[in-house]
There are 2 protein chains.
Amino acid sequence: MYIILMYDIEVNDEDNPYVLKKVFNICKRYLNHIQKSVFEGEVSEAQYLKLKKELFDILRENKDSCIVFKSRNEKWLEKEFLVKEDIDKTSNFI
Amino acid sequence: MYIILMYDIEVNDEDNPYVLKKVFNICKRYLNHIQKSVFEGEVSEAQYLKLKKELFDILRENKDSCIVFKSRNEKWLEKEFLVKEDIDKTSNFI
């Protein structure tokens, strides 16, 4: 299945300043990074369940948001870039 | 058609500090706000062209990013909230 994943992580938060970086690195292992907090890609059902499990261990209810749109076929989705940022500047978390 | 729109706006930028708020308010007129910089909703072709025109007047190439995923039918897309933030806190731009 084809998925688009987008997250919004609360960052000014002492108890765990690394949530954003961890979520980013997990998503990068399964999906393609297309915008600061947006990933897309083809995954199997098993991969999707593994991705979700890893994210559930880190994401915090009421603080963070993570939404996934799933489509059985990439062809049913048309993607349009209205404007493009320089993705590299948001791709490498140092 | 059903669209998902997501943007990433460069904000620490003196020449136009209001781009983010303008983009937010334009999107809110056409779509439903579901995450900090993510909107979704059903629009006609004419509405979509109008929305794009308004956004093109404000968005800046290489600074901002705006991606739209289009699906001819909302039913072809399944949405899953892995975790939910309190959307109201991100919904009202003062």
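Above this text sits the structure in question.
Calculation rules
Residues numbered from 1 in each chain as written. Chains lettered and ligands numbered in written order. Predicted model: local features only at pLDDT ≥ 70, side-chain atom pairs only at ≥ 80, totals over all residues. Heavy atoms only, no water. Core = buried A, V, L, I, M, F, W, Y, C linked by side-chain atoms within 4.5 Å. Buried < 20%, exposed > 50% of the residue type's maximum accessible area, 1.4 Å probe, protein only. Helix = DSSP H or I, 4+ residues; strand = E, 2+ residues; numbered from the N terminus. Contact = heavy atoms within 4.5 Å. Salt bridge = Lys/Arg side-chain N within 4 Å of Asp/Glu carboxyl O. Pairing = 2+ DSSP bridges. Axes fitted to C-alpha atoms, helices over the stretch in contact; angles between N-to-C directions.

J.: Just checking my understanding: could you explain the nonpolar core for this structure?
T.: Side chains of a nonpolar character, in soluble globular proteins, are inclined to be buried together. Ranked by internal contacts, the top residues of the largest apolar core, which has 23 residues, are L5, Y7, V23, L51 and L55 of chain A. Those elements that provide at least two residues to this core are strand 1 (2-8), helix 1 (19-30), helix 2 (45-56) and strand 4 (65-71) of chain A together with strand 5 (78-83) of chain B. If you tally residues by element for this core, the top one is helix 1 of chain A, at six residues. With near-sequence residues (within four places) excluded, Y7 of chain A lies in contact with L20, V23, F24, C27, K36, S37, F39, S65 and C66 of chain A together with Q35 of chain B. Core analysis: the next-biggest nonpolar cluster, separate from the first, contains 22 residues, Y7, I9, L31 and Y48 of chain B among them.

J.: Would you mind showing me how to read the pattern of salt bridges here?
T.: Charged atoms that come close allow side chains of opposite charge to pair. Going through the model one piece at a time under the given rule, you end up with 16 salt bridges over all chains. If you follow the salt bridges from partner to partner, you end up with K52 and K70 of chain A together with E78 and E80 of chain B in one network.

J.: How should I be thinking about the sheet that holds strand 1 of chain A in this particular structure?
T.: Within a sheet, neighbouring strands are paired by backbone hydrogen bonds and run either parallel or antiparallel to one another. In spatial order, the strands read 2(A)-3(A)-1(A)-4(A)-5(B); together these five strands make up an open sheet with antiparallel pairing. Looking at strand neighbours, the two that pair on one side only are strand 2 (32-35) of chain A together with strand 5 of chain B, the edges of this open sheet. Taking each pair of neighbouring strands and ignoring which way they run, the sheet shows an average axis angle of 25°. Pairing geometry for strand 4 of chain A and strand 5 of chain B, over five bridges, is antiparallel. Of the residues in strand 5 of chain B, the one forming a bridge with F69 of chain A is K79 of chain B. Across the face of the sheet, helix 1 of chain A comes into contact with strand 1, strand 2 and strand 3 (38-42) of chain A while running at roughly 170° to strand 1 of chain A. Most of the contacts of helix 2 of chain A go to strand 5 of chain B, to which it runs at about 30°, and overall it touches strand 1, strand 3 and strand 4 of chain A together with strand 5 of chain B.

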